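Commentary on secondary and tertiary structure
Take a look at the letters that make up each chain.
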Amino acid sequence: MKFIVSSSQLLKQLQILGGVINTNNTLPILDNFLFELTDDQLRISASDLETTMSTSIDVESDAPGAIAVPARLLLDILKTFPEQPLTFKVEDNNTIEINSDSGKYALAYADGEEFPKAVELEAPSSTTLKASILATGISKTIFASGNDDLRPVMSGVFFQLSPENLIFVATDAHKLVKYIRKDVSANEVAEFIMPKKPLTLLKNILSGNDEDVVIEYNDTNAKFSFGNSTLICRLIDGKYPNYEAVIPKENPNKLTLDRNAFYNSVRRVSIFSSKTTHQIRLRMAGTELKISAEDLDFSNKADERLLCSYEGDDMQIGFNSRFLLEMLNHLNSNDILLEMSLPNRAGILTPIDGLEEGEEITMLVMPVMLSN
């Protein structure tokens with residue numbers, strides 16, 4: 001088995017696939033990339049058993065074969081080469097030799113047969129959407145998903161497909177984001193929960209990309225195919241909470257603000273908030289919003305005033321500033337609307353402008369109890 005490949009092209013693909021490999025694997029074989037060679041096509045795969053990703057690149061080759069090559073070692077050596085053709089040649093003593101312009105390097109490989117086989121999806125349903133839409137849907141929601149091992153269903157992003165639209169939802173019980181695309185549809189109604197790790201990989205690969213992504217899914221796995229690459233992952237098992245039930249329907253108090261001014265103000269004031277609760281207080285009256293925070297342990301406090309447009313009763317409400325800042329940071333609009341009903345009910349944040357056609361986004365943040 002022997003092939004010639006461009007060093008920079010190989011490095012680029014391996015760096016993407018390297019994101020799949022865990023730092024401490026239960027099976028030593030998973031510390032490797034699987035190289036499968038057939039007719040001038042090199043298929044490279046990486047897996048952590050839950051997620052498997054593979055991609056194909058063109059090479060010049062003479063004989064087919066499959067070997068598993070140590071990932072860390074190969075990445076480290078490839079990073080040091082300038083762009084040049086590299087010749088990989090399998091030797092008899094269970095090593096693979098890499099020949100470059102300046103030298104040769106040998107590393108031990110494992111038998112490709114030991115590498116776990118990727119799951120084949122049985123009778124999958126499928127839908128196609130633009131890579132940029134999928135990347136946006138993931139980045140707008142993934143930050144709101146939880147990290148609680150006791151509630152695994154909340155640690156991923158919920159996909160809801162229907163003939164009308166595609167909905168992405170993420171929540172950790174303190175904040176919730178619902179992102180809708182009305183310009184994407186599926187033939188039938190389906191829903192599944194995607195884990196964070198494969199979504200983060202997809203977000204990084206597909207950002208700013210215009211190609212189509214085919215999503216195939218059944219009850220246990222989902223497969224994403226784009227360009228020469230495929231990503232297959234196991235879905236999170238369980239029923240997603242009824243998120244519609246927590247979004248308050250009646251919100252008579254409406255606050256319209258300049259997003260940037262509000263973001264900067266919250267960021268400044270939050271520096272003076274308690275380091276355990278990160279609590280800030282919003283007081284709405286007339287056309288003025290007062291933002292304040294206090295850290296009683298250190299006698300730190302801050303107050304700011306912002307001009308705003310406010311409809312509703314005078315009220316004050318407390319929020320965790322970190323959640324507010326995260327949400328404001330993931331909106332692209334100039335102006336935002338914050339809708340509230342009572343100080344102990346969730347606030348709803350929506351952008352007023354800056355949305356594409358067919359795009360809708362709703363963010364919900366739970367209040368914190370104010371100590372008088």
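Above this text is the structure in question.
Conventions used here
- Residues numbered from 1 in each chain as written.
- Predicted model: local features only at pLDDT ≥ 70, side-chain atom pairs only at ≥ 80, totals over all residues.
- Heavy atoms only, no water.
- Phe/Tyr/Trp six-rings, centres within 6.5 Å; stacked < 30°, edge-to-face > 60°.
- Helix = DSSP H or I, 4+ residues; strand = E, 2+ residues; numbered from the N terminus.
- Buried < 20%, exposed > 50% of the residue type's maximum accessible area, 1.4 Å probe, protein only.
- Pairing = 2+ DSSP bridges.
- Contact = heavy atoms within 4.5 Å.
- Axes fitted to C-alpha atoms, helices over the stretch in contact; angles between N-to-C directions.

1. Description of the packing of aromatic side chains
Applying the stated criterion across every chain yields a total of 10 aromatic pairs. Centre to centre, the rings of Phe 158 and Tyr 243 are 6.4 Å apart; their planes meet at 70 degrees, and the pair counts as edge-to-face. Of this pair, Phe 158 sits in strand β12 (residues 156-161) while Tyr 243 sits in the loop between β18 (229-234) and β19 (253-258); the two residues are 85 residues apart in sequence, bridging distant segments of the chain. Comparing Phe 158 with Tyr 243 shows no difference in burial state: the two are buried.

2. Examining the sheet that holds strand β7 (residues 85-90)
Spatial strand order, β5-β1-β7-β8-β9: five strands in an open sheet with antiparallel pairing. Edge strands, defined here as strands with exactly one partner in the open sheet, are β5 (60-61) and β9 (104-108). As paired elements, strand β1 (residues 2-6) and β7 share five bridges and run antiparallel to each other. When the sheet's bridge partners are listed, Phe 3 is paired in β7 with Phe 88. Each of β1 and β7 touches helix α1 (residues 7-18); the most contacted strand, β1, lies at about 85 degrees to it.

3. Section: the sheet that holds strand β22 (residues 300-307)
Strand-to-strand pairing in sheets goes through backbone hydrogen bonds, with the strands running parallel or antiparallel. Strand order in this open sheet of five strands is β22-β21-β20-β24-β28, and the pairing throughout is antiparallel. Bordering the open sheet on either side are β22 and β28 (367-368), each of which pairs with just one other strand. Pairing of strand β24 (residues 315-320) with β28 involves two bridges; the strand directions are antiparallel. Of the residues in β28, the one forming a bridge with Phe 319 is Pro 367.

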